[in-house]
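# Chain and residue survey
Chain by chain, the residues:
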Amino acid sequence: MIKLSAIDKTYYRGDEAVKVLHGLSLDIPTGSFEALMGPSGSGKSTLLNLMAGLDRPSGGSIEIAGQRIDQLSESQLARWRADNVGFIFQSYNLLPVLSAVENVELPLLLTAVPARERRRRAETALRIVGLSERMHHYPRQLSGGQEQRVAIARAIVNDPKLLVCDEPTGDLDRNSADEVLRLLETLNKELHKTIVMVTHDPVAAERAGIVRRLEKGALA
Ligand code: ADP
Ligand code: ADP
């Protein structure tokens, strides 16, 4: 369970304070697949970043699987993220100088997992996303949909319980987008990943079990 209680978030730019989230409370049950929609600037990415431990709230509490992540120190939070959250972005964020399998191994470089085991896990993750045949390809040799599937393999290689996706289909054509959405659905249903996905795509939202709408920093 992800439990956000009375969350405030204010950004400071010089003297200017921009209040982005206002007393937002939200419970996301373990194992759900949720879409977060709303106008640009309504605070979707901010909310996603908070529940992924990438940023801290200005007020309120965030409890994930019984742990208050808003009370962790920076280094504890970094450790918590590495163990518990997989990140999927609109623009894939693959390193162009690394092959698909090397990109997928990256999160494991921060762990004590030995090289041979890293490779084995990366291969398994690539098999799960259906890209065993493209393991040694570089990002520029892959289609957008394939790049996103490599990014998804990278997100699951550490076996996190939570996947946060910020516009995962935003740069893809309809067919590739649908393929990525089917994959997310499989990860949710079969591997029991909790998935929270920011999206503007109504087709993507339809795949999710629950759709939440943000308006001006509060749930609509
Ligand atoms: P959405 O994802 O719904 O488009 P965001 O969470 O990205 O919304 O942004 C909400 C508001 O917060 C916007 O007005 C944006 O300009 C502002 N904002 C986001 N990140 C920062 C930041 N790091 N510093 C200052 N303002 C920010
Ligand atoms: P194998 O199935 O070959 O024993 P592992 O269990 O080592 O593979 O998993 C390798 C990687 O593939 C994991 O780190 C994980 O990201 C992904 N994976 C495999 N099985 C699962 C699973 N049941 N749930 C989530 N991720 C899995």
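Residues numbered from 1 in each chain as written. Chains lettered and ligands numbered in written order. Predicted model: local features only at pLDDT ≥ 70, side-chain atom pairs only at ≥ 80, totals over all residues. Heavy atoms only, no water.

As annotated in an unreviewed UniProt entry, the protein is ABC transporter ATP-binding protein from Pendulispora brunnea.

### Looking at unusual backbone geometry
A positive phi is found at Tyr92, a non-glycine position, where the angle reads about 70°. Along the chain, the position of Tyr92 falls in the loop between strand 6 (85–89) and helix 3 (100–109). Of note, His192 is a non-glycine position whose phi angle comes to about 60°, a positive value. Tracing the backbone through its elements, the reader meets His192 in the loop between helix 6 (174–189) and strand 8 (194–198). (Helix = DSSP H or I, 4+ residues; strand = E, 2+ residues; numbered from the N terminus.)

### Here's the deal with the pairing of strand 2 (residues 16–28)
Note that strand 1 (residues 2–13) and strand 2 share nine bridges and pair antiparallel. Of the residues in strand 2, the one forming a bridge with Leu4 is Leu26. Linkage of strand 1 to strand 2, two consecutive antiparallel strands, is achieved through a turn of two residues, within which Gly14 is found at a positive phi near 60°. (Pairing = 2+ DSSP bridges.)

### Brief notes about the site of ligand 2
Around ligand 2, the neighbouring residues are Arg120, Arg121, Thr124, Ala125, Ile128, Ile156, Val157, Asn158, Asp159, Leu191 and Lys193. A distance of 3.2 Å separates an oxygen atom of ligand 2 from a polar side-chain atom of Thr124. Notes on ligand 2: free accessible area 540 Å², of which the protein chains cover 65%. With five residues, the single largest contributor to the shell around ligand 2 is helix 4 (residues 115–128). (Near = heavy atom within 4 Å. Polar contact = N/O pair within 3.5 Å; in protein donor to acceptor, adjacent residues only side chain to side chain. Areas by Shrake-Rupley, 256 points an atom, 1.4 Å probe, with all protein chains shown as cover.)

### A few points about the side chain of Lys193
Inspection of the secondary structure assignment puts Lys193 in the loop between helix 6 and strand 8. Lys193 has contacts with Gly31, Ser32, Ile156, Asp159, Pro160, Lys161, Leu163, Leu187 and Asn188, leaving out every residue within four places of it along the chain. (Contact = heavy atoms within 4.5 Å.)

### Considerations on the packing of helix 5 (residues 144–156) against helix 6
Orientation of helix 5 relative to helix 6, taken along the N-to-C sense of each, is 20°, at an axis distance of 9 Å. Taken together, the axes of helix 5 and helix 6 are roughly parallel relative to one another. At the point where helix 5 passes helix 6, the crossing takes the right-handed sense. Residues Gly145, Gln148, Arg149, Ile152 and Ile156 of helix 5 form the contact with helix 6, whose own contacting residues are Ser176, Glu179, Val180, Leu183, Leu184 and Leu187. Across the contact of helix 5 with helix 6, the residue classes break down as six nonpolar, three polar and two charged. (Axes fitted to C-alpha atoms, helices over the stretch in contact; angles between N-to-C directions. Parallel < 35°, antiparallel > 145°, perpendicular 65-115°, else oblique. Left-handed = near helix turned anticlockwise from the far one by under 90°. Nonpolar A, V, L, I, M, F, W, Y, C, P; charged D, E, K, R; others polar.)

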